[in-house]
Amino acid sequence: MPVKKKRKSSGSEDLGMKKCKITSFCRTPQAPTKLISEDEHFSSKKCLAWFYEYAGPDEVVGPEGMEKFCEDIGVEPENIIMLVLAWKLEAVNMGFFTKEEWVKGMTKLQCDCTEKLQSKFDYLRSLLNDTATFKNIYRYAFDFARDKDQRSLDLDTAKSMLALVLGRTWPLFSVFYQFLEQSKYKVMNKDQWFNVLEFSRTVHADLANYDEDGAWPVLLDEFVEWQKARQAS
C-alpha cells in the first residue's frame, strides 16, 4: 500500500517503469519473529494498545505511523500484502488506518500483535490466487488510491497501482505501461480501470483474439492499435 509521501527516485528500473512510484511489490515479507501458540487468544485490549503504538493524536495511523508499522512487520509499504491488508480492514484512504478500521479488521483477522499478523501473511497472499477475491481487491484498489475529491485516478497513481496488482501476472503489462507513458491520457476512470483487468484476463498476449467491435473503452482500442503498429514496424 503506497504511503502518500514524496520520495527520491531510486535509480533505473525495467521496461520504461522508472517513473513508477511502486517498486517493491514482490519483496518477500519477513517471517514472524516468534512462534504463535494456538492458545494465545485474541485480546481486544491488546489490539487497541497495538494500534496506539502507531496512531497520532487524531487517533489515526498516518504516513509516519504507517512507515513504522510496515518496518515493524517487515513489509515495504508498496508490497501488495499491504493492499490486501487494507482491503481486509476496509480502509478508505491510502496511507491511513482509522481506529475503527484497525479494530474491526484486526478483530476479523484475530491479530492483536505484530507476530500474529506476520503469521497471516501466507493467508493474505493466498487471497490473490482466488479469481473472485482478486477481482474484489482490484476493484477496491481504484477507490482506495483515488483522491476522494476526484472521480478518476491520476495517471501516475493508476500506473503505480496497476504495477502493484498486475505487474507480475499480466504478460502485456510492461507494454501497456509504455503505452500509458506516451499516451495523451492524464487520468484513468473507473470503467477503464475495471476493463483493464478484464482485458488482461481474456485477451491473448499476441492480441489475436481482440474483438475490435467489442465494448472495450477507447483507451484499450488505442492500446491495441498502438501495439499492432509497433509489431508491424
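Note that residues are indexed from 1 along each chain, following the sequence as it is written. Restriction of local features to residues with pLDDT of at least 70 applies here, the model being predicted, together with a cutoff of 80 or more for giving and counting side-chain atom pairs; totals for whole chains, interfaces and linings are based on all residues. Side-chain figures throughout are based on the complete set of non-hydrogen atoms in the structure, without hydrogens or water.

Undergrad: What is the right way to read the overall build of the protein chain from this model?
TA: By definition, any uninterrupted DSSP run of H or I lasting at least four residues is a helix, any uninterrupted run of E lasting at least two residues is a strand, and each is numbered from the N terminus. When helices and strands are counted, the protein chain shows 11 helices and four strands. Burial here depends on accessible area, computed with a 1.4 Å probe over protein chains only, as a share of the maximum for the residue type. Under 20% is buried, over 50% is exposed, and the range in between is partly exposed. Taking all 233 residues of the protein chain together, the buried fraction comes to 47%. Residues count as neighbours in contact if any of their non-hydrogen atoms are within 4.5 Å of one another. Of the contacts made within the protein chain by residues no fewer than 6 positions apart, 74% connect residues no fewer than 24 positions apart. Per-residue and other accessible areas follow the Shrake-Rupley method at a 1.4 Å probe size, with only the shown protein chains counted as cover for residues. Accessible area of the protein chain: about 12,500 Å², with a carbon and sulfur share of 49%.

Undergrad: Just to check I follow, could you spell out helix α1 (residues 44-52) for this structure?
TA: Owing to its 3.6 residues per turn, the α-helix aligns residues three or four sequence positions apart on the same side. By the burial criterion, the buried members of α1 are Cys-47, Trp-50 and Phe-51. What you see down the axis of α1 is that its buried residues fit within an arc of 100 degrees, all on one side. An arc is given here, and it is the one of the directions from the helix axis to the C-beta atoms.

Undergrad: So what exactly am I meant to see when it comes to the packing of aromatic side chains here?
TA: Each aromatic ring pair is summarised here by two numbers: the centre-to-centre distance and the angle between the ring planes. Only Phe, Tyr and Trp rings are paired, with Trp represented by its six-membered ring, and only when their centres lie within 6.5 Å; those with planes under 30 degrees apart are stacked, over 60 edge-to-face, the remainder tilted. What the rule picks out here adds up to 25 aromatic pairs. Both rings, one in Phe-176 and one in Phe-223, keep their centres 5.1 Å apart while their planes meet at 85 degrees; by these two values the pair is edge-to-face. Of the two residues, Phe-176 sits in helix α9 (residues 173-182) while Phe-223 sits in helix α11 (residues 218-232), which places them 47 residues apart along the sequence. Residue classification places Phe-176 among the buried residues on the basis of a relative accessible area of 0%.

Undergrad: Teacher, can you tell me more about the pattern of salt bridges here?
TA: Pairing is possible between side chains that carry opposite charge, provided their charged atoms lie close to one another. The term salt bridge refers to a side-chain nitrogen of Lys or Arg lying within 4 Å of a carboxyl oxygen of Asp or Glu. Within the structure shown, the criterion is met by 12 salt bridges. Of the charged contacts in the structure, one is a salt bridge between Glu-90 and Lys-108, with a shortest N-O distance of 3.4 Å. Placement of Glu-90 in the loop between α3 (80-89) and β2 (97-98) and of Lys-108 in helix α4 (residues 99-109) is noted, with a sequence separation of 18 residues between them. With a relative accessible area of 54%, Lys-108 lands in the exposed category. Close ionic contact of Lys-228 with Glu-212 constitutes a salt bridge, the shortest N to O distance being 3.9 Å. With Lys-228 in helix α11 and Glu-212 in the loop between α10 (190-202) and α11, the pair connects residues that are 16 residues apart, well separated along the chain. Salt bridges sharing common partners tie together Glu-90, Lys-104 and Lys-108.

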